[in-house]
Amino acid sequence: MTITGQTVHNDNEAMQLALKLAQQAAAAGEVPVGALVVLDGKVIGSGFNQPITTLDPSAHAEMVAIRDAARNIGNYRLPGATLYVTVEPCTMCTGLMIHSRIARLVYGTTEPKAGAIESAICLPQQPFYNHIMDIQGGVLAAECAQVMSDFFAARREAKKKLKRLSPAADTEKE
């Protein structure tokens, strides 16, 4: 799905696009997180989780989207840009946003175990950073959380089914 150059009018519209990207990740067997970077109302970069398929542990949705945006505008800094992501960013991605000078972060649902914005740690509020982002969480939170819940429920069900079909499971019962 190519969305670079597409116009977005508000946070909900942008998050809907991020949710479509998250679905691409899920279809590829990746944790369903989607992200896009918007500057002056236009999408300048997009991405979805793909560390498994690319064999790259840094290929989180935010990382892919920011790299795409930087290439598209020819600058490693993205002042004035907004990053939209379906799930609260991790420590790595938060650091990337700070270093790339993302002006605003908008995310959908929180990530209780590893969220670095408000859940596990409040990284952007640390006094040693020389860049401050505006942050808005909870945009289409229920929809973003549902995508994650559905993905992990399907994964758990597939594991149960595999276990039931496994010959080793049959011999353990005997």
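For the structure, see preceding data.
Residues numbered from 1 in each chain as written. Predicted model: local features only at pLDDT ≥ 70, side-chain atom pairs only at ≥ 80, totals over all residues. Heavy atoms only, no water.

Student: Residues and numbers for the packing of helix H1 (residues 11-27) against helix H5 (residues 141-165), please.
Tutor: What describes two packed helices is the angle between their axes and the distance between those same axes. With their axes 10 Å apart at the nearest point, H1 and H5 run at an angle of 5 degrees to one another. On the basis of the axis angle, H1 is roughly parallel to H5. Contacts from Met 15, Leu 19, Ala 22, Gln 23 and Ala 26 of H1 reach H5 at Glu 143, Cys 144, Val 147 and Phe 151. Looking at the contact of H1 with H5, its residues break down into seven nonpolar, one polar and one charged. (Axes fitted to C-alpha atoms, helices over the stretch in contact; angles between N-to-C directions. Helix = DSSP H or I, 4+ residues; strand = E, 2+ residues; numbered from the N terminus. Parallel < 35°, antiparallel > 145°, perpendicular 65-115°, else oblique. Contact = heavy atoms within 4.5 Å. Nonpolar A, V, L, I, M, F, W, Y, C, P; charged D, E, K, R; others polar.)

Student: Explain the packing of aromatic side chains residue by residue, including any values.
Tutor: Under the defined criterion, the tally for this structure stands at two aromatic pairs. Considering the side-chain rings of Phe 128 and Tyr 129, the 4.8 Å spacing of their centres and the 50 degrees angle between planes classify their relative orientation as tilted. Taking relative accessible area as the criterion, Phe 128 reaches 59% and is therefore assigned exposed. Each ring, one from Phe 151 and one from Phe 152, has its centre 5.1 Å from the other, and the planes form 85 degrees; the classification is edge-to-face. (Phe/Tyr/Trp six-rings, centres within 6.5 Å; stacked < 30°, edge-to-face > 60°. Buried < 20%, exposed > 50% of the residue type's maximum accessible area, 1.4 Å probe, protein only.)

Student: Before we move on, can you summarise the layout of surface pockets with the specific residues and values?
Tutor: Space inside the largest pocket adds up to approximately 280 Å³. Taken together, 17 residues line the largest pocket, and the ones lying closest to its centre are Val 31, Val 33, Asn 49, His 60 and Glu 111. Listing elements by their share of the lining of the largest pocket, those giving two or more residues are helix H2 (51-54) and H5. Among the residues making up the lining of the largest pocket, the classes are represented as 11 nonpolar, two polar and four charged. In this structure, the second largest pocket occupies an estimated 170 Å³ of space. Forming the boundary of the second largest pocket are Val 87, Thr 109, Thr 110, Glu 111, Pro 112, Lys 113, Ala 145, Met 148 and Ser 149. Looking at which element gives the most residues to the lining of the second largest pocket, the answer is H5, with three residues. (1 Å grid on protein atoms, 1.4 Å probe; cavity = no way out; pocket = protein on both sides within 12 Å on 5 of 7 lines; lining within 4 Å. Points joined across faces, edges and corners; volume = space filled by probe spheres on them.)

Student: Provide a residue-level description of the pairing of strand S4 (residues 104-109), including the pertinent values.
Tutor: Summarising burial for S4: five of the six residues are buried, a large majority. Judged from the five bridges that link them, strand S3 (residues 82-87) and S4 form a sheet pairing that is parallel. When the bridges of S4 are listed, Tyr 84 appears paired with Val 106. For the crossover that starts at S3, traverses helix H4 (residues 91-99) and ends in the parallel S4, the hand is right-handed. In terms of strand pairing, S4 meets strand S5 (residues 134-136) through three bridges, oriented parallel. Among the inter-strand pairings, Leu 105 is bridged to a residue of S5, identified as Ile 135. (Pairing = 2+ DSSP bridges. Right-handed = clockwise from strand over helix to strand, strands pointing away.)

Student: So what's going on with unusual backbone geometry? Which residues, and what values?
Tutor: Even without being glycine, Leu 55 reaches a positive phi, approximately 55 degrees. Among the structural elements, Leu 55 can be located in the loop between H2 and helix H3 (61-73). Look at Leu 55 and you get exposed, because its relative accessible area is 76%. For Arg 101, which is not glycine, the phi dihedral falls at a positive 65 degrees. Looking at the secondary structure, you find Arg 101 in the loop between H4 and S4.

Student: Account for H5, naming residues and giving values.
Tutor: Taking 1.5 Å per residue, 25 residues should reach 36 Å; H5 reaches 36 Å between its end C-alpha atoms and fits that length. For H5, the set of buried residues is Cys 144, Val 147, Met 148 and Phe 151. (Expected span 1.5 Å × (residues − 1).)

Student: Summarise the nonpolar core; cite the residues concerned and give the values.
Tutor: Val 37, Ile 66, Leu 78, Leu 83, Met 97, Ile 102 and Leu 105 are the most contacted members of the largest nonpolar core, which totals 23 residues. Within the residue set of this core, elements represented by two or more residues are strand S1 (34-39), H3, S3, H4 and S4. In terms of residue count, the dominant contributor to this core is H3 (five residues). In contact with Ile 102, other than residues within four places in its own chain, are Val 37, Ile 66, Leu 78, Ala 81, Leu 83, Met 97, His 131 and Met 133. Among the nonpolar cores identified, the runner-up in size contains 20 residues, and Ala 14, Val 106, Cys 144 and Val 147 belong to it. (Core = buried A, V, L, I, M, F, W, Y, C linked by side-chain atoms within 4.5 Å.)

What is shown is where atoms sit, not what they do.
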